[in-house]
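The lines below spell out each chain.
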Amino acid sequence: MKLKTLAVAATAAVAMSAGSAMAAGSADAGKKVFKRCMACHTIKEGGAPKIGPNLYGAFGSKCGSSDKFSYGGGYKAACDKAGWTWNEDTLMTYLKAPSKFLSDKAGKQVRSKMTFKLPGKKDRQNVIAYLKSKK
Ligand code: HEC
């Protein structure tokens, strides 16, 4: 137990010292960030949607691909007009401000049903690494 704690601390220290030089986040740290997403999302294979779609396999998928979830009008308009794939770039922009991301894609002002924003860059990098590990 103690050794494990030390190993985790060491990993965190390395991740921190690598700092901005390292573009990729840490899936371990992202798992903690994801607690803030769990009010609205599950991330299990075959998991049910909650307020938002299940996010298992979302990384690498095309917009609108969760067939069990009813996306909002703004999301659909954006996806129909400008279709995208969820990768590091699109997720970094989306998680910072979902409605702005969708509005840019739709070419008009629309609102995301996701009312949550994740402004911290490191938090976003880490949670994206976590999403990437769940596919
Ligand atoms: C308050 C509820 C809520 C929270 C908290 C929330 N989301 Fe969402 N999320 C949604 C909803 C609702 C949608 C569907 C958006 C739409 O249809 O406009 C969504 C959509 C998404 C999508 C697009 C999925 C797809 O199938 O295209 C991703 C990726 C996502 N959320 C990631 C996250 C992450 C990561 C977090 C935590 C950092 C988070 N969300 C926190 C409600 C939430």
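Residues numbered from 1 in each chain as written. Predicted model: local features only at pLDDT ≥ 70, side-chain atom pairs only at ≥ 80, totals over all residues. Heavy atoms only, no water.

Overview of the packing of aromatic side chains
Thinking step 1. Tallied over the entire structure, the rule returns 9 aromatic pairs.
Thinking step 2. Seen from their ring centres, phenylalanine 69 and tyrosine 71 are 5.1 Å apart, and the 80° between their planes marks the pair as edge-to-face. Neither residue differs from the other here; phenylalanine 69 and tyrosine 71 are each classed as buried. (Phe/Tyr/Trp six-rings, centres within 6.5 Å; stacked < 30°, edge-to-face > 60°. Buried < 20%, exposed > 50% of the residue type's maximum accessible area, 1.4 Å probe, protein only.)

Details of the environment of alanine 27
Thinking step 1. Structurally, alanine 27 is set in helix α2 (residues 27-33).
Thinking step 2. For the pair formed by alanine 27 and tyrosine 130, sequence separation is 103 residues and the distance between their alpha carbons is 4.0 Å.
Thinking step 3. With residues up to four places along the chain from it excluded, the contact list for alanine 27 reads Asn126, Ala129, Tyr130 and Ser133. (Helix = DSSP H or I, 4+ residues; strand = E, 2+ residues; numbered from the N terminus. Contact = heavy atoms within 4.5 Å.)

Quick notes on the coordination of the iron atom of the ligand
When four donors bind a metal tetrahedrally, each ideal donor-metal-donor angle is 109.5 degrees, and when six bind octahedrally, the ideal angles are 90 or 180 degrees.
Thinking step 1. In this structure, His41 (NE2) and Met114 (SD) serve as the protein donors to the iron atom of the ligand, at separations of 2.0 to 2.2 Å.
Thinking step 2. Given 6 donor atoms and angles of 87 to 179° at the metal, the environment of the iron atom of the ligand is assigned as octahedral. Here methionine 114 lies in the loop between α5 (98-106) and α6 (121-133) and histidine 41 lies in the loop between α2 and α3 (73-82), a separation of 73 residues in the sequence. (Donors = N, O, S within 2.8 Å, 3.2 Å for Na, K, Ca; no water. Tetrahedral: all angles 85-135°; square planar, octahedral: opposite > 155°, others 65-115°.)

Thoughts on the site of the ligand
Thinking step 1. The immediate surroundings of the ligand are formed by 22 residues, with Cys37, Cys40, His41, Tyr75 and Met114 found nearest.
Thinking step 2. Between the ligand and the protein, one listed contact pairs an oxygen atom with a side-chain N or O atom of tyrosine 71 at 2.5 Å.
Thinking step 3. Side-chain polar atom of serine 112 to an oxygen atom of the ligand: 3.4 Å apart, as the coordinates give it.
Thinking step 4. At a threshold of 2 Å from the grid points, most atoms of the ligand map onto the largest pocket. (Near = heavy atom within 4 Å. Polar contact = N/O pair within 3.5 Å; in protein donor to acceptor, adjacent residues only side chain to side chain. 1 Å grid on protein atoms, 1.4 Å probe; cavity = no way out; pocket = protein on both sides within 12 Å on 5 of 7 lines; lining within 4 Å. Sits in = over half its atoms within 2 Å of the grid points.)

Everything listed here is a matter of geometry and, on its own, says nothing about what the molecule does.
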